[in-house]
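Overview (structure and organization)
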Amino acid sequence: AQVEVGIYSSEDTPLQGPDGQMMANQTLTVTKNPRWRVTVPGRIVEGQLTTEVIEAIQLRHVLPTWGLLGVNYAFEFHRARLRMSLKPDGTLTGQLAAYRPIDNIFTVGRCCKGTASTANTDCASEHKTLAAMADGYPDSDTGQCTMISSATNISGVPVFIASAAGEVSSRR
């Protein structure tokens, strides 16, 4: 079956159960920021959802260690594709394959100020390794690749999606 897949960020904080997992059947509001949402055609065959290539996805993330209440940040994924298994209980698991800009990847050592001295992490070596392993999107001047291929495991639970305040859904 042909489907339209929506990938949305929310500015809501999802509720977690006592096991630390996101709780099902809660309502999350789609962000008003158009950078943090995208739709893409896909198909479902025997419970497997596969999307077409998505040129760019930016997913909202709050960096809690920056600023008084954290700072909005976007994880970037380029030439991305989702492959998900849809379960009878409404949950899903799968992978997001994409290129990631090496300056947009935050490991524990790269995201937090002062981590090199407090966590014994060599931030410069992490960056050098990512740059050496980069395999996509070569810089037109230097030829050095600026992105690295990645695969991210994803899992999800069923939720209700609400339009952002003041927006009207195009669905009828």
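The structure presented is a predicted model; accordingly, all values stated were derived computationally and were not measured.

1. Topic: the overall build of the protein
Counting secondary structure elements, the protein contains three helices and 10 strands. Ordering the α and β elements of the protein from the N terminus gives β-β-β-β-β-β-β-α-α-α-β-β-β. Counting only residues that meet the buried cut, the protein has 27% of its 172 residues in that class. A total of about 11200 Å² of accessible surface is found on the protein, and carbon and sulfur atoms cover 54% of it.

2. Re the packing of aromatic side chains
Inspection of every chain in the model, using the stated rule, returns one aromatic pair. Summarising the aromatic geometry, the rings of Tyr99 and Tyr137 are spaced 5.6 Å apart at their centres and angled 75° between planes, so their arrangement reads as edge-to-face. You can see Tyr99 sitting in strand 7 (residues 92–101) and its partner Tyr137 sitting in strand 8 (residues 136–138), a full 38 residues away along the chain. On the basis of relative accessible area, Tyr137 is assigned to the partly exposed category, the value being 30%. Just above the ring of Phe77 sits the side chain of Arg100; from NZ or CZ to the centre is 4.5 Å.

3. Observations concerning unusual backbone geometry
Phi at Asn25 is positive, roughly 65°, even though this residue is not glycine. Judged by relative accessible area, which is 52%, Asn25 ranks as exposed. The phi torsion at Glu46 lies on the positive side, around 50°, for a residue other than glycine. One can find Glu46 in the loop between strand 3 (37–45) and strand 4 (48–51). Classification of Glu46 as exposed rests on a relative accessible area of 79%.

Parameters and conventions
- Residues numbered from 1 in each chain as written.
- Predicted model: local features only at pLDDT ≥ 70, side-chain atom pairs only at ≥ 80, totals over all residues.
- Heavy atoms only, no water.
- Helix = DSSP H or I, 4+ residues; strand = E, 2+ residues; numbered from the N terminus.
- Buried < 20%, exposed > 50% of the residue type's maximum accessible area, 1.4 Å probe, protein only.
- Areas by Shrake-Rupley, 256 points an atom, 1.4 Å probe, with all protein chains shown as cover.
- Phe/Tyr/Trp six-rings, centres within 6.5 Å; stacked < 30°, edge-to-face > 60°.
- Lys NZ or Arg CZ within 6 Å of the ring centre and 35° of its normal.

By themselves, these observations are geometric and do not establish any function.
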